[in-house]
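Architecture and fold: a report
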Amino acid sequence: MSVDVSLAYDDQNIFAKILRGEIPNRTVYRDEWALAFHDIAPQAPVHVLVIPTGAFVSWDDFSARASEAEIAGFVRAVGQVARDLGLTGAGYRLLANTGHHGHQEVAHLHVHILAGKPLGPMLAR
Ligand code: 5GP
């Protein structure tokens, strides 16, 4: 079920709870701007989510409201996580589902890092 990302940020969303340490996660990276952790239901051999530490509903919200420092810090963190996981050579896929048609399920911006095998075409046909 996708979320309505036109709504204001809800600090009870599951990733807000993970950020506050109220729900456990398998962290792979954390800095001032981002937290990265393994997806609970991996869809590839490597499936990590990277989320900003700030309260942003979606890619749309983040790109419109985040500061330059938040954007730079988050984008650099995504790249750093991929390097830390050793994914650069073989490659990886980034995915940021946004809104209803994007099938976004959690209303806190997250970028999926998918890797570990050839991932095939981008969308199921
Ligand atoms: P979306 O469809 O919003 O782009 O992706 C949400 C992702 O969050 C899904 O891949 C789902 O498996 C993952 N997810 C949902 N709840 C949890 C959770 O409590 N912990 C972790 N680690 N991942 C979660």
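Rules used in this analysis
- Residues numbered from 1 in each chain as written.
- Predicted model: local features only at pLDDT ≥ 70, side-chain atom pairs only at ≥ 80, totals over all residues.
- Heavy atoms only, no water.
- pLDDT = per-residue confidence, 0-100.
- Helix = DSSP H or I, 4+ residues; strand = E, 2+ residues; numbered from the N terminus.
- 1 Å grid on protein atoms, 1.4 Å probe; cavity = no way out; pocket = protein on both sides within 12 Å on 5 of 7 lines; lining within 4 Å.
- Points joined across faces, edges and corners; volume = space filled by probe spheres on them.
- Nonpolar A, V, L, I, M, F, W, Y, C, P; charged D, E, K, R; others polar.
- Near = heavy atom within 4 Å.
- Polar contact = N/O pair within 3.5 Å; in protein donor to acceptor, adjacent residues only side chain to side chain.
- Areas by Shrake-Rupley, 256 points an atom, 1.4 Å probe, with all protein chains shown as cover.
- Sits in = over half its atoms within 2 Å of the grid points.
- Phe/Tyr/Trp six-rings, centres within 6.5 Å; stacked < 30°, edge-to-face > 60°.
- Buried < 20%, exposed > 50% of the residue type's maximum accessible area, 1.4 Å probe, protein only.

As for the confidence of the model for the protein chain
Residues at a pLDDT of 70 or more form 99% of the protein chain, whose mean pLDDT is 96. The secondary-structure element of the protein chain with the lowest mean pLDDT is helix α2 (residues 59–65), recorded at 97, while strand β3 (residues 46–52) shows the highest, at 99.

So, empty space enclosed by the protein
Considering all chains together, one arrives at one cavity of 30 Å³ or more under this definition. Each pocket or cavity is described by its volume, and for the largest cavity that value is around 40 Å³. For the largest cavity, the full set of lining residues is W33, P52, T53, G54, F56, F62, E70 and F74. Split into classes, the residues belonging to the lining of the largest cavity amount to five nonpolar, two polar and one charged.

Section: the site of the ligand
Taken together, 17 residues surround the ligand, and among them D39, N97, E105, H110 and H112 come closest. H112 has a polar side-chain atom sitting 2.8 Å from an oxygen atom of the ligand. In isolation the ligand exposes 520 Å². Once the protein is present, 85% of that is buried. With respect to the pocket detection grid, the ligand is positioned in the largest pocket. Of all elements in the fold, only α1 (14–19), β2 (34–38) and β3 reach the threshold of two or more residues within the shell around the ligand. When grouped by side-chain class, the residues that make up the shell around the ligand number eight nonpolar, seven polar and two charged.

Remarks on the packing of aromatic side chains
If you walk through the whole model with that rule in mind, you get three aromatic pairs. Measuring from centroid to centroid gives 5.5 Å for F15 and F37, while their planes differ by 75 degrees, and the two rings are edge-to-face. Taken together, the positions of F15 in helix α1 and F37 in strand β2 put the pair 22 residues apart, joining distant regions of the chain. Across the pair, exposure class does not vary: F15 and F37 are buried alike. Measuring from centroid to centroid gives 5.0 Å for F56 and F62, while their planes differ by 85 degrees, and the two rings are edge-to-face. Residue classification places F62 among the buried positions, given a relative accessible area of 3%.

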